[in-house]
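Okay, here's what each chain looks like letter by letter:
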Protein chains: 2
Amino acid sequence: MDKKEIQEQRMRGYFIEAAKEIIRGEGFKAISVRNIAERAGYSYTTLYNYFKDIKDLIFVCVKDFQDECAQFIADQVKKDLTGMAAIKSKTIAFSNYFIQYPGIFELFYVEKISDLNSQQSTTKLIYSFLDRICEEDWNDCIEKKLVTKEEAEDYGAQLQFFITGLLLFYLNRRQPSDYKEFTTLRDKQIGNILKLRS
Amino acid sequence: MDKKEIQEQRMRGYFIEAAKEIIRGEGFKAISVRNIAERAGYSYTTLYNYFKDIKDLIFVCVKDFQDECAQFIADQVKKDLTGMAAIKSKTIAFSNYFIQYPGIFELFYVEKISDLNSQQSTTKLIYSFLDRICEEDWNDCIEKKLVTKEEAEDYGAQLQFFITGLLLFYLNRRQPSDYKEFTTLRDKQIGNILKLRS
DNA sequence: TATTTATATTAACATTGTTCACTACATTTG
DNA sequence: CAAATGTAGTGAACAATGTTAATATAAATA
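Right, let's talk about the domain arrangement of chain A for a bit. Residue and element names in this part refer to chain A. Splitting chain A by domain gives domain 1 (1-51) and domain 2 (61-193). Using only C-alpha atoms to locate each centre, domain 1 and domain 2 end up separated by 29 Å. If you sort the residues of domain 1 by the area they bury against domain 2, Ile23, Arg24 and Phe28 come out on top, with a joint share of 68%. Linking domain 1 with domain 2 are three salt bridges. Between Asp64 and Lys20 there is a salt bridge; the shortest N-O distance is 2.8 Å. Between domain 1 and domain 2 we count two residue pairs in polar contact (both at pLDDT 80 or more) in total. Per-class residue counts for the side of domain 1 that touches domain 2 are four nonpolar, one polar and three charged.

Encoded structure:
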């Protein structure tokens, strides 16, 4: 019974890894049951022995990518930053992750996975993701009386909707039309939202 | 030769109308060649005599819906409003349109039509849409020295990315999870961006 | 009227997700 | 050890998608 469990988890892992590779490399549009299974080295029907359906599999990828993204941000942000500077840097790193893996942005924010996600737990995780990443820094700002609790919430929400909206345009519609313009706009507006003077 | 033109345009119109009805009613996910053709009263392959492919048809819908949306906003916003108040009201009306027709939001901002849209002309139209709607009001604000030209651009961009991001979460992920919460957050944050005191 | 042109449709193909029935193998049981 | 049971992996098949080629029918022209 324990062996079964291990083997089953291993098999699931093969499919999950394959799916993640495809999303990272070829993007979300390239995902298909047959595609995943081929890369995993199994027939496409075998996948259904380990996942209810393809959404079930994708669902797991979302969770994995969230951890990966958090790690990516931690690696990219200078450790000694605190407060607003840390929040800005983390938001930039957050966007960089999706610039590097546009397929994961699609998966997180664009793709209609509402059907699969009946309990909405993952949706909430994504919704609060940037806030969780920046939570301690906001608390730091509040303690130092740089902002009130309410302001912190407002700024946080604004930051999230702004960066998501901007990424949506840039990744999905190529507007702004080049990368430099994108970063300039991004950095400037993050500064505006956080009321930072550069 | 002229008759041909009229007839051809009429035929195109049948398919376009059918497609728009489906998008408005059942949402973008319900769109399919067979679905459109059935509603138009023709066989599905007939569609290909009038449109290069389904993207070509959808493309026309985008343009139509843009006009419709502009009209919707004009109808909903009080005529006597000017400046910041007009901008806020128009942005709210803008979001209301997509709340009413979520399928059109998908079409405008979510769906990957980048392939079809080789010249990117439509993309740019969408990108600058809210700005065009509010253009005169911004100019009004600048003339009255309420904001500088640069501030107007910043606020405008922020407004657009914010409202798009918020709609993306609300329509695509049901976050915030109820409508009242959505409007409260929306109205408050629009005020913040425009630095209005309520 | 007969021929040509245009147009609507039927048939077909490729690609998607998913289900079903079968085979081969492993595990348990007598 | 042999027989029964169960399980894991697979190919065939189905329905729905977009798209194309060939065909039949309607319209226009000679």
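Core analysis: the largest hydrophobic core is formed by 134 residues, its most contacted members being Phe98 of chain A together with Phe98 of chain B. Leave out the neighbours within four places in its chain, and Phe98 of chain A touches Cys69, Ile104, Phe105, Phe108, Tyr109, Leu167 and Leu171 of chain A.

The two copies are related by a screw motion: chain A maps onto chain B through a turn of 180° and a shift of 0.0 Å along the axis, at an RMSD of 0.1 Å. Such values leave the two copies arranged in the relation of a two-fold axis. Same-surface contact between copies: 100% of interface residues of chain A are shared with the interface of chain B.

Right, let's talk about the environment of Phe162 of chain B for a bit. Mapped onto the elements of the fold, Phe162 of chain B is located in helix α8 (residues 149-173). Using a relative accessible area of 1% as the deciding quantity, one classes Phe162 of chain B as buried. As a C-alpha pair, Phe162 of chain B and Ile193 of chain B span 31 residues in sequence and 9.1 Å in three-dimensional space. Those residues in contact with Phe162 of chain B, other than ones at most four positions away along the chain, are Gln158, Phe161 and Phe162 of chain A together with Leu185, Arg186, Gln189, Ile190 and Ile193 of chain B.

Procedures and definitions
- Residues numbered from 1 in each chain as written.
- Chains lettered and ligands numbered in written order.
- Predicted model: local features only at pLDDT ≥ 70, side-chain atom pairs only at ≥ 80, totals over all residues.
- Heavy atoms only, no water.
- Domains from an automatic or database assignment.
- Buried area = accessible area lost by both parts, 1.4 Å probe.
- Salt bridge = Lys/Arg side-chain N within 4 Å of Asp/Glu carboxyl O.
- Polar contact = N/O pair within 3.5 Å; in protein donor to acceptor, adjacent residues only side chain to side chain.
- Nonpolar A, V, L, I, M, F, W, Y, C, P; charged D, E, K, R; others polar.
- Core = buried A, V, L, I, M, F, W, Y, C linked by side-chain atoms within 4.5 Å.
- Buried < 20%, exposed > 50% of the residue type's maximum accessible area, 1.4 Å probe, protein only.
- Contact = heavy atoms within 4.5 Å.
- Least-squares fit on C-alpha atoms with pLDDT ≥ 70 in both.
- Helix = DSSP H or I, 4+ residues; strand = E, 2+ residues; numbered from the N terminus.

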